[in-house]
Amino acid sequence: MATYAIGDVQGCFDELQQLLAKVGFRKQDRAWFVGDLVNRGPKSLEVLRFVRDLGSRAVVVLGNHDLHLVAQHEGFERPHKGDTFQDVLAAPDARELVAWLRTRPMMHAEGSFAMVHAGLLPQWGIAKAVSLGQEVEAALAAPDYREFLANMYGSKPERWDDAFTGWDRLRVIVNAMTRMRFCNREGRMDLEGKGTEPRKRYLRWYEARPKEKATIVFGHWSQLGLVVEPGFVGLDSGCVWGGALSALRLEDRTLFQVACPRYQSPGGEG
């Protein structure tokens, strides 16, 4: 059995099938998806149905585009320029697919690897981050999950504090795990920073973290591209922007890629 961590698919169903064929994906193998299954590419509906039907063979963590779909389906978000998941919203099984997506984890840790869509703040060890992610997962799975969606968005607070409670606490967790690219060593996020280089007094989030044994697998940052460093693997190689869709076989860290056509023009990353 092999486990393949796969970068941001973003509705690129055909490229996902090509990648799985290239790695020789078998019935006993598993696929870890770093989030953003949907949006910006042409076939979000096919991607959702396919990954859901993999059952326990697929591990999916939530990305910002996934949450955007959930919020829009529930009436809390307006369409954004570049959205391409109307196929999901119009599908006869939309409610079931979105409910499945809404109940995916925020992060996943297993063996010597942990996976999150965007990043983890420097104060969070892996075990603590998993526990914090579970707080958000519980809110998304609760009968009153719509109340959480109504309070999920916003860039405040900008930093973590163990004393936070309520929506502020959950919002910081969501922002770090699905939106963050830059922060400082004290855990203050720069959620407005763009590109690959941090503004003054900030670092790339993984540069702000203390060293640890686990390797963190992440996505979300197509402008940064493929990152393979000790302790960190970034797999968003910009499929939807004309880059590649990437997979890393975790057992031996072999990298596989397929080239992708450009479905979106540069400059709209988010």
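Preceding block: the structure.
Residues numbered from 1 in each chain as written. Predicted model: local features only at pLDDT ≥ 70, side-chain atom pairs only at ≥ 80, totals over all residues. Heavy atoms only, no water.

Student: Outline the overall build of the protein, listing residues and values.
Tutor: Looking only at helices and strands, the protein features eight helices and 13 strands. In summary, the protein has a C-alpha radius of gyration of 17 Å against a globular reference of 18 Å for 270 residues, a match within 12%. Along the three orthogonal principal directions, the C-alpha set of the protein runs to about 45 × 40 × 35 Å. Out of the 270 residues in the protein, the part that is buried amounts to 57%. Carbon and sulfur atoms make up 50% of the accessible area of the protein, which totals about 11,400 Å². (Helix = DSSP H or I, 4+ residues; strand = E, 2+ residues; numbered from the N terminus. Rg over C-alpha atoms; globule rule 2.2 N^0.38 Å. Buried < 20%, exposed > 50% of the residue type's maximum accessible area, 1.4 Å probe, protein only. Areas by Shrake-Rupley, 256 points an atom, 1.4 Å probe, with all protein chains shown as cover.)

Student: Help me get a handle on the pairing of strand β2 (residues 30–33), residues and values and all.
Tutor: Alternating positions in β2 separate into two faces, R30 and W32 on one and A31 and F33 on the other, with burial throughout. As judged from the four bridges shared by strand β1 (residues 3–6) and β2, these two strands associate in the parallel manner. Across the sheet, the residue bridging to I6 is F33, located in β2. In this structure, β2 lies alongside strand β3 (residues 58–60), joined through three bridges in parallel fashion. Bridging across to β3, W32 finds its partner in V59. On the question of chirality, the crossover connecting β2 to the parallel β3 by way of helix α2 (residues 44–53) is right-handed. (Pairing = 2+ DSSP bridges. Right-handed = clockwise from strand over helix to strand, strands pointing away.)

Student: Could you give an account of the pattern of salt bridges, with specific residues and numbers?
Tutor: Per the counting criterion, the structure on display carries 16 salt bridges. Salt-bridge contacts for E110 lead to R30; the nearest nitrogen and oxygen are separated by 2.4 Å. Highlighted residues: E110 in strand β4 (residues 107–110) and R30 in strand β2, separated in sequence by 80 residues. One salt bridge in this structure joins D252 and R249, with 2.9 Å as the shortest N-O distance. The class for D252 is partly exposed, based on a relative accessible area of 42%. Put simply, K156, E158 and R188 are held in one network by salt bridges that share partners. (Salt bridge = Lys/Arg side-chain N within 4 Å of Asp/Glu carboxyl O.)

Student: Please provide a residue-by-residue account of α2, values included.
Tutor: Inspection of α2 places S44, L45, V47, L48 and V51 among the buried residues, and these make up the whole buried set. Here the buried residues of α2 occupy an arc of 165° about the axis, which is enough to place them on one side. Those residues of α2 that are buried are in contact with α1 (13–23), β2, β3, α3 (64–73), α4 (86–89) and α5 (94–102). Of the residues one or two after α2, G55 is the one with positive phi, at around 60°. (Arc of directions from axis to C-beta. Contact = heavy atoms within 4.5 Å.)

Student: Report on the state of the cysteines, specifying residues and quantitative values.
Tutor: Under the criterion given, the structure shown has one disulfide. The disulfide that involves C239 links it to C260, with 2.4 Å between the sulfurs. The disulfide joining C239 to C260 has a torsion of about -95° about its S-S bond and is therefore left-handed. Of the two residues, C239 is situated in the loop between β11 (232–234) and β12 (244–249) and C260 in the segment after β13 (254–259); the sequence distance between them amounts to 21 residues. (Disulfide = S-S within 2.5 Å.)

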